[in-house]
Amino acid sequence: MIDRRPWDSLASRLGDRLIFGAPLADLTRYGVGGSAALLARPESAEEVRDLLAVRNETGLPLSILGGGSNTLFTEAGFAGLVMRIGQGFQVVEALGDTGLRAGAGAHTAAVAEAAAERGLRGLEGLAGIPGRFGGALMMNAGSFGQDVGSCVERLFGLDAQGREFSLGKAELRYEYRRLSGLAEGAVLLGAELRLEAGHPEDIKRTVAENLARRSASQPKGFRSAGSVFKNPAGHSAGRLIEECGLKGATIGGAAVSEVHANFIVVQGKAESGHILELVDKIRAAVYNQRGVVLEPEIKIIGPTGPLTLASPGGGQ
């Protein structure tokens, strides 16, 4: 239990957008996990700033949650503030002839759709990717040879002290499924993108083709969080897992998908522990049989923040 008194003023202002002891299972695509000490859904930069001020005063851990499409909370829950960027950050608007400005709360697919409607190339690889755009920016989401980081001109938001920041391309470092350059505790609120002019119908055709490829190669009808592991250099994570004979492997209610081995799906009743045990089993098998260390693409959040998995080889 946390001391509610420092939060009284914000609680009266935010109403049901500030919840104590909030269940987290319904906020992620896996549908598992414990409760957050506090869940907030801010709708403005001012509300984010006020939440950060009280969080800094109380010293609570902070976790930023988008659509929950690549996040796994443990059954122990989160002993701090989970901040889920709300609808006030969903605006997607034109920026000059070939630019877009998109809020972190916008659906990733909606940003890709907005680009296609305007005849702008560069985001077709985001078609069908679930979750919110802030998460896509943080993990450099993409597929089919494209990633969002290559289109980012500027990121903006608030630092851990609630001060506004604006970082240009030269100050950021985008790598495969990774963004470097943001200070710890920063809250990303949106981005400015620079794209390429194209023909809307050609771009929409590419989007449709990408959606069809994604639908044919990914499991349907079960809860999942997308790709569990990053592709190691020179390898396909899914292919490595399949070659180790793990398609269909189960622990409790968690299973390696028969359709794509880099997906763990929830079948029936599952707990986060089942998924984590299966993650460990996969990593150990791939390391022992192929000598490759698989790194998670999903974020695994414990009671005080992200968890780092031990090396399957026994090291750190």
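About the thresholds
- Residues numbered from 1 in each chain as written.
- Predicted model: local features only at pLDDT ≥ 70, side-chain atom pairs only at ≥ 80, totals over all residues.
- Heavy atoms only, no water.
- Phe/Tyr/Trp six-rings, centres within 6.5 Å; stacked < 30°, edge-to-face > 60°.
- Lys NZ or Arg CZ within 6 Å of the ring centre and 35° of its normal.
- Pairing = 2+ DSSP bridges.
- Helix = DSSP H or I, 4+ residues; strand = E, 2+ residues; numbered from the N terminus.
- Axes fitted to C-alpha atoms, helices over the stretch in contact; angles between N-to-C directions.
- Contact = heavy atoms within 4.5 Å.
- Buried < 20%, exposed > 50% of the residue type's maximum accessible area, 1.4 Å probe, protein only.
- Salt bridge = Lys/Arg side-chain N within 4 Å of Asp/Glu carboxyl O.
- Expected span 1.5 Å × (residues − 1).
- Polar contact = N/O pair within 3.5 Å; in protein donor to acceptor, adjacent residues only side chain to side chain.

**A look at the packing of aromatic side chains**
Applying the stated criterion to the full structure yields zero aromatic pairs. Positioned over the ring face of F156 is R101, at 4.0 Å from the centre of the ring.

**Some details on the sheet that holds strand β12 (residues 164-168)**
In spatial order, the strands read β6-β7-β15-β11-β12; together these five strands make up an open sheet with antiparallel pairing. On the outer flanks of this sheet lie β6 (92-95) and β12, each paired with one strand and no other. Strand after strand, the sheet turns through a mean of 20° between neighbouring axes, direction not considered. Where strand β7 (residues 99-103) and strand β15 (residues 187-194) come together, five bridges link them in antiparallel fashion. Paired with G103 across the bridge in β15 is G190. Lying over the sheet, helix α3 (residues 108-117) contacts β6, β7 and β15, oriented at roughly 160° with respect to β7.

**As for unusual backbone geometry**
At N140, a residue that is not glycine, the phi angle is positive and equals roughly 50°. Assignment of secondary structure puts N140 in the loop between α4 (133-139) and β9 (142-143). For F144, which is not glycine, the phi dihedral falls at a positive 55°. By secondary structure assignment, the location of F144 is in the loop between β9 and β10 (146-147). The class of F144 is partly exposed, set by a relative accessible area of 34%.

**Description of the pattern of salt bridges**
Within this structure, the stated rule accounts for 15 salt bridges. The partner of D50 in a salt bridge is R13, and the shortest N-O contact between them spans 2.9 Å. You can see D50 sitting in helix α2 (residues 45-58) and its partner R13 sitting in helix α1 (residues 8-14), a full 37 residues away along the chain. Several salt bridges share partner residues, and in doing so they unite R173, E175 and R178 into one network.

**Regarding α2**
Taking 1.5 Å of rise per residue, 14 residues should cover 20 Å, and α2 covers 20 Å from first to last C-alpha, within 8% of that figure. Along α2, the positions that sit buried rather than exposed are E47, V48, L51, L52, V54 and R55. Looking one or two places after α2, you find G59, whose phi comes out positive at around 75°.

**Digging into the side chain of R17**
Tracing the sequence through the fold places R17 in the loop between α1 and β1 (18-23). Residue classification places R17 among the buried residues on the basis of a relative accessible area of 18%. A distance of 2.8 Å separates a polar atom in the side chain of R17 from a polar atom in the side chain of E47. If we skip the residues at most four places from it in the chain, R17 touches L39, A40, R41, P42, E43 and E47.

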